[in-house]
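# Summary of the model geometry
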Amino acid sequence: EPEVTQTPSHQVTQMGQEVILRCVPISNHLYFYWYRQILGQKVEFLVSFYNNEISEKSEIFDDQFSVERPDGSNFTLKIRSTKLEDSAMYFCASSERLSNQPQHFGDGTRLSIL
Amino acid sequence: QKEVEQNSGPLSVPEGAIASLNCTYSDRVSQSFFWYRQYSGKSPELIMSIYSNGDKEDGRFTAQLNKASQYVSLLIRDSQPSDSATYLCAVNKNQKVTFGTGTKLQVIP
């Protein structure tokens, strides 16, 4: 069964450094998303992306964050200058043609900021 | 008022019983509704999606939606110990999905 893949599974970064999290959505999916989950807390929406542009973003997704689809398969989340509070699990998800279709999640990247 | 509200639990049921999980949401124009299962340290896994009022059954799972009451529920029949997990209610509006905090389910053998 097709799946969303994320790399790396665990990223350790010094505070203030830039980090890029990578995702390969399911191949025929058109909508892409990033979420984060701080340990012990709920899954929080960050951004949705369709047709090479951001569709929706949350208050969390400030100027430190950016997303990109650099080629036909990858979808990336960049955090420019990481803070301690950026430590969380980051999940990528994708859904099919219609925006209200179920989203399928990758296994996540655990980001640890030191 | 929280956008998506769930009882955090834990909800404990004996093996073989029916587990009933509930969720309320605040935005009346929400378009689609999902239940995800999340094991500790893992990613959310889609269980059910529901778009219109009424019941939707898939194997041991039944999702129920009542838009007038802004209420979604998930029933798990013949609960198994492997069903022990946190169940997340998610509500979609215009490509933004809002999750509840989840209900922890414990199925006791």
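Provided above is the structure to which this section pertains.
Residues numbered from 1 in each chain as written. Chains lettered and ligands numbered in written order. Predicted model: local features only at pLDDT ≥ 70, side-chain atom pairs only at ≥ 80, totals over all residues. Heavy atoms only, no water.

## Focus on the pairing of strand E7 (residues 65–68) of chain A
Of the pairings in the sheet, the one linking E7(A) to strand E8 (residues 75–79) of chain A comprises 4 bridges and is antiparallel in character. The residue of E8(A) that forms the bridge with Phe65(A) is Ile79(A). (Pairing = 2+ DSSP bridges. Helix = DSSP H or I, 4+ residues; strand = E, 2+ residues; numbered from the N terminus.)

## Overview of the pattern of salt bridges
All names here are of chain B. Under the criterion given, the structure shown has 5 salt bridges over all chains. Close ionic contact of Arg37 with Glu45 constitutes a salt bridge, the shortest N to O distance being 3.1 Å. Overall, the relative accessible area of 35% leaves Glu45 in the partly exposed class. Residues Asp83 and Arg60 are paired through a salt bridge, measuring 2.9 Å at the closest nitrogen-oxygen approach. Remark: Arg60 occurs in the loop between strand E6 (54–58) and strand E7 (61–66) and Asp83 occurs in the loop between strand E8 (71–76) and strand E9 (85–93); sequence separation between them is 23 residues. For Asp83, a relative accessible area of 1% puts it in the buried group. On the basis of relative accessible area, Arg60 is assigned to the partly exposed category, the value being 27%. (Salt bridge = Lys/Arg side-chain N within 4 Å of Asp/Glu carboxyl O. Buried < 20%, exposed > 50% of the residue type's maximum accessible area, 1.4 Å probe, protein only.)

## Observations concerning the environment of Leu21(A)
Residues and elements named next belong to chain A. Along the polypeptide, Leu21 turns up in strand E3 (residues 19–24). Judged by relative accessible area, which is 0%, Leu21 ranks as buried. Distance in space between the C-alpha atoms of Leu21 and Arg110 is 9.8 Å, their sequence separation being 89 residues. With sequence-adjacent residues up to four places away left out, Leu21 is seen in contact with Thr7, Trp34, Phe75, Thr76, Leu77, Tyr90 and Thr109. (Contact = heavy atoms within 4.5 Å.)

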